[in-house]
Amino acid sequence: MIRLLLRGLVIASLLYLGFPSIYAQSDPFKVVLDPGHGGKDPGNVHNGYYEKTITLAISKKVEAILNKEKDVDVSLTRDRDVAVDLYARGPIANKKSADVFVSIHCDAHDSNAHGAGTFVLGLHRADKNLEVAKRENAVIYREEGYTENYAKFNSDAIGVSVIQEENLNQSIQLAYKVQNGLVKRAGRRDRQVKQAGFVVLYGTIMPSILIEVGFLSNANEGAFLNSNAGQQKVAEAIAAALIDYKNEFFMNSIAFDQPTFDSTTYYRIQLAASDRRLSENDPFFKGLKPIYRDEVSAVMRYFYGRTSSFQTAQELLKQAQNKGFKDAFIAEMN
Ligand SMILES: [Zn+2]
């Protein structure tokens, strides 16, 4: 009997391209940090403060904090003052099979605007956020061969890639954690989580955000962001948000039996059945991994884990129940 357990669940995206690969339990949580600008592209320069220098300093501080976590693997798209083309940054994270991509920037405005904002990729053609995206995207017109590299991209009418659409829920979850941290821990004015068409986020295939940590054009905030103490506060807020996100969505405390696929019987934990197609990373699964999907006619059944040990299956069931899957049960498979 098929049980429909997904009632009440709101799913933003039904677009789907295939089941994401299942990660081994021993895989670390992989973070790719993207310090905005660099080399011949200084980013915005105000009050003697260089965006490219500040984004690199903050990224390195985030890296240093995350390096102390034993199950986090962190790397940077640039670790010194060099130019990296915008279109090339996402693929660096893709090649590493990163779990999240975090682009770090500073904003500027001719008003006295200040505060931090966190962005996920979106289509907001007439939105005021377009101006931020245009500022950050402007560098592409100075890159060689930009007409070929950005053929699919039109910053006035960017579409959200199917893959980023699929990741949108996760990107938003991460964005809110970072934004909260920037306000509460780093004391920034809350410019909120928003969507805009950033080129750099367009090319990634994992949950991705772009952070504008503050305005260099604002004398006070510029001085804060240019200071070692200010950068450390911002870095601590970002790192804490990433760790929080990892703990919520990537926690895997149980070591699986090596699956014995030739054995006649094995166990999986059935979490739900639905006609909706969900990705393994969907927040619905609350970070449980690996998730398997069986498709029987139009109905999809979702399972957590796979083991030949009934005892392990009971532990997995308990873990699923602790995550809120009260009706989960052990399914014996042959
Ligand atoms: Zn920037």
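Refer to the structure printed above.
**Student:** Explain the overall build of the chain to me, and be specific about the residues and the numbers.
**Tutor:** Counting its secondary structure elements, the chain contains 9 helices and 12 strands. For the chain, restricting intrachain contacts to residue pairs at least 6 apart in sequence, the fraction spanning at least 24 positions comes to 82%.

**Student:** So what's going on with the packing of helix α1 (residues 51–66) against helix α8 (residues 228–249)? Residues and values would help.
**Tutor:** One can describe the packing of α1 onto α8 by two numbers: an axis separation of 8 Å at closest approach and a directional angle of 50 degrees. With respect to α8, the axis of α1 lies oblique. Of the two possible hands of crossing, α1 and α8 adopt the one that is right-handed. Between α1, through I54, A57, I58, K61, V62, I65 and L66, and α8, the contact on the second element is made entirely by Q231, Q232, V234, A235, E236, I238, A239 and L242. For the contact of α1 with α8, the residue count by class is 11 nonpolar, 2 polar and 2 charged.

**Student:** Tell me what's going on with the nonpolar core, and back it up with residues and numbers.
**Tutor:** One finds V31, F198, I209, I211, V213 and I238 to be the most contacted residues of the largest nonpolar core, which totals 63 residues. It is α8 that provides the largest number of residues to this core, a total of 9 residues. With near-sequence residues (within four places) excluded, I211 lies in contact with V102, I104, H105, A116, T118, V178 and I238. By size, the runner-up hydrophobic cluster in this structure holds 18 residues, among which are Y266, Y267, L271 and A328.

**Student:** So what's going on with the sheet that holds strand β6 (residues 116–121)? Which residues, and what values?
**Tutor:** The 6 strands lie next to each other as β4-β1-β5-β8-β6-β7, forming an open sheet whose pairing is mixed. In this open sheet, the two edge strands, each paired with only one partner strand, are β4 (72–76) and β7 (190–196). Taking the axes of each pair of neighbouring strands and ignoring which way they run, one obtains an average angle of 20 degrees across the sheet. Where strand β1 (residues 29–35) meets strand β5 (residues 100–107), 5 bridges bridge the pair, whose relative direction is parallel. Bridged to P35 within β5 is I104.

**Student:** Give me the lowdown on helix α2 (residues 86–95), citing residues and values where you can.
**Tutor:** When we look at burial in α2, the residues that qualify are L86, Y87, R89, G90 and A93. For α2, the angular spread of buried residues about the axis comes to 160 degrees, placing them on one side. At the C-terminal side of α2, S97 shows a positive phi close to 50 degrees.

Rules used in this analysis
Residues numbered from 1 in each chain as written. Predicted model: local features only at pLDDT ≥ 70, side-chain atom pairs only at ≥ 80, totals over all residues. Helix = DSSP H or I, 4+ residues; strand = E, 2+ residues; numbered from the N terminus. Contact = placed C-beta atoms within 7 Å. Axes fitted to C-alpha atoms, helices over the stretch in contact; angles between N-to-C directions. Parallel < 35°, antiparallel > 145°, perpendicular 65-115°, else oblique. Left-handed = near helix turned anticlockwise from the far one by under 90°. Nonpolar A, V, L, I, M, F, W, Y, C, P; charged D, E, K, R; others polar. Core = buried A, V, L, I, M, F, W, Y, C linked by C-beta atoms within 7 Å. Buried ≥ 20, exposed ≤ 12 C-beta atoms within 10 Å, placed from the backbone. Pairing = 2+ DSSP bridges. Arc of directions from axis to C-beta.

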